[in-house]
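Listed here are the chains, written in short residue letters.
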Amino acid sequence: MSTKEKTWWYVGGVAIIIYALFPVAWIVSLSFKAPSDIANKGFLPTSPTGENYSTILTGTASDLFLPALRNSFGICLIATFISCVLSMFAAYAIARLDFPGKKLILGTALGVAIFPVISIVTPLFNLWRQIGLYDTWLGLIIPYLSLTLPISIWTMSAFFREIPWEMEQAAQVDGATTWQAFRKVIVPLAAPGVFTTAIIAFFIAWNDFAYGISLTSTSVARPVPAALGLFSGASQFEDPTGAIAAAAVIVTIPVVALVLLFQRRIVAGLTNGAVKG
Amino acid sequence: MASIEMRNIVKQYGDGFPAVNDVSLDIADGEFMILVGPSGCGKSTLLRMIVGLEDISSGDMVIGGKRVNDLAPRERNLSMVFQNYALYPHLTVFENIAFPLRLSKTDDAEVRRRVTEAADVLELHEHLERKPANLSGGQRQRVAMGRAIVRHAEAFLFDEPLSNLDAKLRGQMRTEISRLQRRLGITTVYVTHDQTEAMTLGDRVCVLRKGKIQQVASPRELYEQPVNLFVAGFIGSPPMNFLPARPEGNRLTTPFGPVELDQKRAAAVAGRDLLLVGIRPEYFEDASLVDEAKRPLGTLFRARVDVTEWLGDQQYAYIPYEAPAEITSQLRDLSRELDSEELRTQAIVSIDSTSRIREGREAEFWLDTRKVHVFDPTTGENLTRDAEAGARLTQMAEEDRAEQVQEAQAGMQGRHAGAA
Ligand SMILES: Nc1ncnc2c1ncn2[C@@H]1O[C@H](COP(=O)(O)OP(=O)(O)OP(=O)(O)O)[C@@H](O)[C@H]1O
Ligand SMILES: [Mg+2]
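Remember, it's a predicted structure, so these values are computed and weren't measured experimentally. (Residues numbered from 1 in each chain as written. Chains lettered and ligands numbered in written order. Predicted model: local features only at pLDDT ≥ 70, side-chain atom pairs only at ≥ 80, totals over all residues. Heavy atoms only, no water.)

Novice: Sorry, what's going on with the overall build of chain A here?
Specialist: Secondary structure assignment for chain A yields 11 helices and 0 strands. In chain A, the succession of helices and strands from N to C terminus is α-α-α-α-α-α-α-α-α-α-α. Once the C-alpha set of chain A is aligned to its principal axes, its extents read approximately 70 × 65 × 30 Å. Sorting the 277 residues of chain A into buried and exposed places 42% on the buried side. Long-range pairs, those at least 24 residues apart, make up 73% of the contacts in chain A between residues at least 6 apart in sequence. Accessible area for chain A stands at about 15,000 Å²; split by element, carbon and sulfur atoms hold 71% of it. (Helix = DSSP H or I, 4+ residues; strand = E, 2+ residues; numbered from the N terminus. Buried < 20%, exposed > 50% of the residue type's maximum accessible area, 1.4 Å probe, protein only. Contact = heavy atoms within 4.5 Å. Areas by Shrake-Rupley, 256 points an atom, 1.4 Å probe, with all protein chains shown as cover.)

Novice: Can you walk me through the nonpolar core in this structure?
Specialist: For soluble globular proteins, nonpolar side chains are generally found buried alongside one another. All names here are of chain B. If you look at the biggest cluster of nonpolar residues, it comprises 85 residues, and the most contacted ones within it are Ile 97, Val 115, Val 207, Phe 242 and Phe 365. Domain assignment of the residues forming this core places at least three in each of domain 1 (4–224) and domain 2 (231–385). Once residues lying within four places of it in the same chain are set aside, the contact partners of Phe 242 are Leu 229, Ala 232, Gly 233, Leu 276, Val 277, Gly 278, Tyr 321, Leu 331, Leu 334 and Phe 375. By size, the runner-up hydrophobic cluster in this structure holds 54 residues, among which are Met 33, Val 51, Ile 63 and Leu 103. (Core = buried A, V, L, I, M, F, W, Y, C linked by side-chain atoms within 4.5 Å. Domains from an automatic or database assignment.)

Novice: What should I look at first to understand the pairing of strand β14 (residues 275–279) of chain B in this one?
Specialist: Among the 5 residues of β14(B), 5 are classified as buried, and the element is accordingly described as predominantly covered. Burial along β14(B) is two-sided: B:Leu275, B:Val277 and B:Ile279 facing one way and B:Leu276 and B:Gly278 facing the other are all buried.

Novice: For this particular structure, what's the right way to read the site of ligand 1?
Specialist: Residue and element names in this part refer to chain B. Near ligand 1, the surroundings consist of 13 residues, among which Ser 39, Gly 40, Lys 43, Ser 44 and Thr 45 are the closest. Between ligand 1 and Tyr 13, the relevant distance is 3.3 Å, taken from a nitrogen atom to a side-chain nitrogen or oxygen of the residue. In the environment of ligand 1, an oxygen atom lies 2.6 Å from a nitrogen or oxygen atom belonging to the side chain of Ser 39. Here the shell around ligand 1 takes 3 residues from helix α1 (residues 43–51), the largest share from any one element. Among the residues making up the shell around ligand 1, the classes are represented as 4 nonpolar, 6 polar and 3 charged. (Near = heavy atom within 4 Å. Polar contact = N/O pair within 3.5 Å; in protein donor to acceptor, adjacent residues only side chain to side chain. Nonpolar A, V, L, I, M, F, W, Y, C, P; charged D, E, K, R; others polar.)

Novice: I keep staring at the interface of chain B and chain A and nothing clicks. Help me out?
Specialist: One frequent convention defines the size of an interface as the accessible area lost when the parts assemble. In this assembly, 30 residues from chain B lie in contact with 24 residues from chain A. The contact between chain B and chain A buries some 2,300 Å² in all, and 61% of this surface belongs to carbon and sulfur atoms. Note that A:Asp174 is salt-bridged to B:Arg147, the shortest N-O span being 3.4 Å. On inspection of chain B and its partner chain A, the count reaches 7 residue pairs in polar contact (both at pLDDT 80 or more). Of all the secondary structure elements, the ones that give two or more residues to the side of chain B that touches chain A are α1, α2 (73–76), β6 (79–81), α3 (93–103) and α5 (137–149) of chain B. The element that contributes the greatest number of residues to the side of chain B that touches chain A is α3(B), accounting for 3 residues. (Buried area = accessible area lost by both parts, 1.4 Å probe. Salt bridge = Lys/Arg side-chain N within 4 Å of Asp/Glu carboxyl O.)

Novice: Mind showing me how you'd approach a negative patch on the surface here?
Specialist: Taken together, the side chains of B:Glu398, B:Glu399, B:Asp400, B:Glu403 and B:Glu407 present a region of like negative charge at the surface. Tracing the sequence through the fold places B:Glu399 in helix α12 (residues 387–419). (Patch = residues over 30% accessible without salt bridge, like charges linked within 9 Å, V, L, I, M, F, W, Y side chains within 5 Å. Lys, Arg positive; Asp, Glu negative; His and termini not counted. Charge placed at Lys NZ, Arg CZ, Asp CG, Glu CD.)

Novice: Where do I start with the sheet that holds strand β1 (residues 4–12) of chain B in this structure?
Specialist: Hydrogen bonding along the main chain pairs the strands of a sheet, whether they run parallel or antiparallel. All names here are of chain B. Taken in spatial order, the 4 strands of this open sheet run β2-β1-β4-β5, and their pairing is antiparallel. Edge positions in the open sheet fall to β2 (18–27) and β5 (66–67), since each of these has one partner strand only. Across the sheet, α1 is in contact with β1, β2 and β4 (58–63); its angle to β1 comes to roughly 120 degrees. (Pairing = 2+ DSSP bridges. Axes fitted to C-alpha atoms, helices over the stretch in contact; angles between N-to-C directions.)

Novice: Just to check I follow, could you spell out the domain arrangement of chain B for this structure?
Specialist: Residues and elements named next belong to chain B. Each assigned domain of chain B is listed here: domain 1 (4–224) and domain 2 (231–385). Across the domain 1/domain 2 interface, buried area totals approximately 1,300 Å², and carbon plus sulfur atoms make up 52% of it. Connecting domain 1 to domain 2 are 2 salt bridges. Two residues, Glu 337 and Arg 209, come together in a salt bridge whose shortest N-O distance is 2.5 Å. Looking at the side of domain 1 that touches domain 2, the elements that each hand over two or more residues are α7 (195–201), β9 (204–209), β10 (212–217) and α8 (219–224). Of all the elements, α8 adds the most residues to the side of domain 1 that touches domain 2, at 4 residues. Of the residues in the side of domain 1 that touches domain 2, the class split is 6 nonpolar, 6 polar and 4 charged.

Novice: Explain the pattern of salt bridges here, please?
Specialist: Residues and elements named next belong to chain B. For the structure on display, the rule yields 27 salt bridges over all chains. Here Arg 113 makes a salt bridge to Glu 117, at a shortest N to O gap of 3.2 Å. Of this pair, Arg 113 and Glu 117 both sit in helix α4 (residues 108–122), 4 residues apart, roughly one helical turn. Put simply, Glu 110, Arg 113, Arg 114 and Glu 117 are held in one network by salt bridges that share partners.

Novice: How should I be thinking about a nonpolar patch on the surface in this particular structure?
Specialist: All names here are of chain A. Together, Val 14, Ile 18, Phe 22, Trp 26, Phe 43 and Leu 44 give the surface a local cluster of nonpolar side chains, amounting to about 610 Å² of exposed area. Along the chain, Phe 22 turns up in helix α1 (residues 3–31). Of the residues examined, Phe 22 reaches a relative accessible area of 41% and is grouped as partly exposed.

As structure tokens, then:
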């Protein structure tokens, strides 16, 4: 690459980074502004303050925010776990076996994935109220599975298809049952796929707003995105902008941490050396 | 250890294509059997049916006296080296080799002992803690072998294990495999493409064509008494020359002059019109270099040499000849099936490396007519095959082999006694 070309790549890269990160920076900056400072017409706070953070963590908004944080974590982790396990089996079957209706399953999964959430929220609201799932963890986990499973199955089956089938046959010849071959050879090799899927599933569940706001009514099950919408300012005339910004920063942290933690595991080419050539 | 018997094995894939068609083959306990044939003839399919990775459409697969058609691979206790090795990339070399033992819940001390033993045989010691991704092709191949020998399996199955190695390493691994098999005395089925491997490794070689067995015999018998045109053309490198011929009494008229036949062979070909005579390149010689004593055993002819290839220890000359159209198309089909390069109607002739025969000139050649075979061009059948002589060759190979196995195993015991 010539120097000129390189320069352009840098300029372009920096432009994209600024474009993508500017809103994040803005939120962070907002979260350090005092309520009276919000409209200071400047990017940076006049005098940075931790007031918003103490409001949501220990102050008036804490009994709204903290349970929501706990709910979000619990519900999303459980939904992610179930979705990963189920999609692992489903994807394995799809990648390995030839059975009638395979196309149908994949097609349905895609159909469910693109089905607009808002159109099922109302019937679900009624149904959940009838059968007692309204405002419970399970009442959110189930719809979250419907959001995460299709994409998990798609991602995971792409990973499974990459694993040479001979690995598994070799294991069977070596004396493994189908289950042992799956557990001792396929799962370890599919680990990057499992982590990728887990991250994607977690994001989807973590970011949900429509189900969260509609299917909960108290802090028993209300997740963070729904709780953020319920923040109120110190007085009727004050927007809770600062508090919301602070909460937004806090809920971003686990997501970033998750990616940093797992990105080492999402290494491509784990199957290097399995087969020759 | 066990014998493997196949009775009328058929494999039809989902699309109805018979990849293996009515194969019956008996492999004796401790025998080294080679499966060869052109690409797509069903070698891998047959091997995978033995090991249980492929369902058998019909027929019986009997291993160690027990019908195994409906047994899962793990219940057959066979070990296999895959064409692409199929090592477990997430495990170290040690754990790769130990994998079958771990599955059978062998205790740790025993696992260590057996893996160390296998690593000894295969010289893998300094690599035991490494991952397969960091090994060379030959090392990976040895790990795959280690995984196969670590267990006391009934038989070894190899699917072109050396096909991706370079020539030198291939030679090295070939002797390694041969030595190992003799020492362990375990029934082995080995699929290969490679002439040298087929001829040097096996006790017997099974030649397959389009899912059907053509001939099962010792390498020598295949070479000297092939049953048909296909086997004759497939075994041997450079391949056998096929010349058009017309019988006239006790002789055949060929593009290279008349070929005299003995009574028996002459009787076998009598009454036919057009024939193919099969002559191996080494039956030819530069006439000026042939002993006076040998001369009367063959015929002399003059021909123009198109190209010569001097290889140091050998020399080949290419001699073009005329052939009738029907023969030409027949030969072209055959060479296409044998995956050899487009055959022009030219004979490949092996001459002494000191010969001064030049390209583009006429020269005089001598042809040893004692061992030529005559084939029916339409059916491909070898009309002059001497079944008894062939059987004698295979019998001799078996005796040699028994001796070698005894020696190898006595040697091993001697070493053990010495070590103890
Ligand atoms: N899964 C399959 N479905 C349908 N046909 C198949 C399948 N696997 C193999 N075949 C066919 O069966 C025939 C034999 O295949 P096989 O793999 O046994 O050949 P091979 O002798 O091992 O060839 P090569 O030397 O190229 O490995 C081929 O013609 C192939 O097209
Ligand atoms: Mg094959």
